[in-house]
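This is what each chain is made of:
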Amino acid sequence: MAQTPDIILKELRSKKFRPLYFLHGDEPYYIDSIAEELENKVVPESERGFNQFVLYGKDTDVAGVLSYARRFPFMAERQLVLVKEAHRLNGIEQKEQQQRLEDYALNPVPSTVLVFCYHANADERKSYLKACNANGVVVQSKKMYDNKLPDWVGAFCQHEGVKISPKAVQMLVDNIGNDLKRLSNEIRKIMVNLRVDEGIDAAAVEKFVGISKEYNVFEFQKALMHRDVLKANQIAAFFASNSKDNPLAPVLIILFGFFSKLLLTHAARDKSEKGLAAELGVNPYFVKDYLLAARNYPMGKVANIIHYLRECDGRLKGLDGTNIPEGELLRELVFKIVH
């Protein structure tokens, strides 16, 4: 049956294996993580030379994959057949080849663990995937929504056995976005440089991820929150002079998320720390920031700012027929927000 990536990873860590895995979706992190776990767990290292096969979709076809899958392990309990880049497998879109996969999925070889790493969204209504569901597992790895990223970072750090401050979480999310592979790599990079008893704080993120201490999206949002005209313009000028490393589009996404939550703050009936944290979907640590910003920006002003952000996004995409530099658009936006 279809399962979530986290459930499957938990199964694999306890060495519970299925005969068939079809991993698909537009978020490579979980597909690669499950594949790596299978490579490390299914076949003991001493038996991998004869019982572990890694195939690449562009170099083989459905028949070739199934010929490996139907073999029996050599003097071992099981074998692993791992198909990477399965979305490029020759014949995978052909009905006849899908029928072959379906026939195998309906009666898989119990001593084989067959894994497809399909780096695209597959149609789970297809009969061959329904057959995979019946006797194996289909896992869809979806791009994570931005509002879920802080919880993901917190859970990842907990699993890795390191504490992380709410500010450090937000800095990572704001500056890296929903690239889970990069997020996990950056967190591990920070961990390597920490003492055993040390947690991840904002200073560690600034130092080891290479985020400017003063000129980053987190500080930019903070300056706007305080309606600090000088600081906001200084950071905007820095972004304008370093547009390659600080593109405008991600900044607009972050600001749109912040001011949208600020609108909810104004409308919320329960303005207690716990009530607002639940309403906004943020760590209670940040509630005071929204309350401060609500005092600096009345509801009508917030609605106007959201309009300015949409307008700026449209102009950035050239919808008004002009080609204005990103730095100029950002400086104009800052003026409209803080005045």
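All values reported here derive from a predicted model rather than from experimental measurement. (Residues numbered from 1 in each chain as written. Predicted model: local features only at pLDDT ≥ 70, side-chain atom pairs only at ≥ 80, totals over all residues. Heavy atoms only, no water.)

Asks: Can you explain helix α14 (residues 273-280)? Please cite residues and give values.
Replies: Where α14 is concerned, the buried positions are Gly275, Leu276, Ala277 and Leu280. At the exit of α14 stands Gly281, carrying a positive phi of roughly 70 degrees. (Buried < 20%, exposed > 50% of the residue type's maximum accessible area, 1.4 Å probe, protein only. Helix = DSSP H or I, 4+ residues; strand = E, 2+ residues; numbered from the N terminus.)

Asks: Can you break down the pattern of salt bridges residue by residue, with the values?
Replies: Applying the stated criterion across every chain yields a total of 19 salt bridges. Overlapping salt bridges, with partners in common, bring together Glu311, Arg315, Glu332 and Lys336 in one network. (Salt bridge = Lys/Arg side-chain N within 4 Å of Asp/Glu carboxyl O.)

Asks: Can you explain the UniProt feature "domain: DNA polymerase III delta subunit-like C-terminal" (unreviewed entry) in the protein chain? Please cite residues and give values.
Replies: This chain's UniProt record puts "domain: DNA polymerase III delta subunit-like C-terminal" (unreviewed entry) on residues 215-317. Regarding residues 215-317, the helix share stands at 76% and the strand share at 0%, and the terminal C-alpha atoms are separated by 25 Å. (UniProt positions renumbered as here; feature names shortened; annotations may be inferred.)

Asks: I'd like a description of helix α5 (residues 95-106), backed by residues and values.
Replies: Look at α5: 16 Å from first C-alpha to last across 12 residues, which is about the 16 Å you get at 1.5 Å a residue. Along α5, the residues classified as buried are Gln97, Gln98, Leu101, Glu102, Tyr104 and Ala105. Within α5, the buried residues cover an arc of 165 degrees as seen down the axis, which keeps them to one side. For α5, the exposed residues set more than 90 degrees away from the buried face come down to Lys95 and Glu96. Elements in contact with the buried residues of α5: β1 (20-25), α4 (62-69), β4 (112-118) and α6 (127-135). (Expected span 1.5 Å × (residues − 1). Arc of directions from axis to C-beta. Contact = heavy atoms within 4.5 Å.)

Asks: Outline the packing of helix α7 (residues 149-160) against helix α8 (residues 166-176), listing residues and values.
Replies: Running from N to C, α7 and α8 cross one another at 120 degrees; their axes reach a closest spacing of 9 Å. It follows that α7 is oblique to α8 by the angle criterion. The two elements α7 and α8 meet at a crossing, and its hand is right-handed. In this structure, α7 uses Leu149, Pro150 and Val153 to contact α8, whose residues at the interface are Val169, Gln170, Leu172 and Val173. When its residues are assigned to classes, the contact of α7 with α8 shows 6 nonpolar, 1 polar and no charged. (Axes fitted to C-alpha atoms, helices over the stretch in contact; angles between N-to-C directions. Parallel < 35°, antiparallel > 145°, perpendicular 65-115°, else oblique. Left-handed = near helix turned anticlockwise from the far one by under 90°. Nonpolar A, V, L, I, M, F, W, Y, C, P; charged D, E, K, R; others polar.)

Asks: Could you give an account of a nonpolar patch on the surface, with specific residues and numbers?
Replies: On the surface, a cluster of nonpolar side chains totalling about 410 Å² of accessible area is made up of Phe50, Phe74 and Met75. Turning to its location among the elements, Phe74 is positioned in the loop between α4 and β3 (79-84). By relative accessible area, Phe74 is classed as partly exposed at 47%. (Patch = residues over 30% accessible without salt bridge, like charges linked within 9 Å, V, L, I, M, F, W, Y side chains within 5 Å. Areas by Shrake-Rupley, 256 points an atom, 1.4 Å probe, with all protein chains shown as cover.)

Asks: Talk me through the side chain of Ser141; I want residue IDs and the actual numbers.
Replies: Mapped onto the secondary structure, Ser141 falls in strand β5 (residues 137-141). What makes Ser141 buried here is its relative accessible area of 2%. Those residues in contact with Ser141 that sit more than four places away from it in its chain are His24, Gly25, Asp26, Glu27, Tyr30 and Ile31.

Asks: If you had to explain the pairing of β3 to someone new, which residues and values would you point to?
Replies: Among the 6 residues in β3, 5 count as buried, and that is most of the element. The β-α-β motif built from strand β2 (residues 52-56), the intervening α4 and the parallel element β3 has right-handed crossover chirality. As judged from the 5 bridges shared by β3 and β4, these two strands associate in the parallel manner. Bridge pairing links Val81 to Leu114 in β4. Taking the sense of rotation as the criterion, the β-α-β connection linking β3, α5 and β4 turns out right-handed. (Right-handed = clockwise from strand over helix to strand, strands pointing away. Pairing = 2+ DSSP bridges.)

Asks: Go over the pairing of β1, please, and point to the residues and values.
Replies: Within β1, 6 of the 6 residues are buried, which leaves it mostly tucked inside the rest of the structure. Taking every second residue as pointing to the same face, both faces of β1 are buried, with Leu20, Phe22 and His24 on one and Tyr21, Leu23 and Gly25 on the other. Bridge analysis of β1 against β4 gives 5 bridges, and the strand direction is parallel. The residue of β4 that forms the bridge with Leu20 is Leu114. Judged from the 5 bridges that link them, β1 and β5 form a sheet pairing that is parallel. Counterpart to Tyr21 in the pairing with β5 is Val137.

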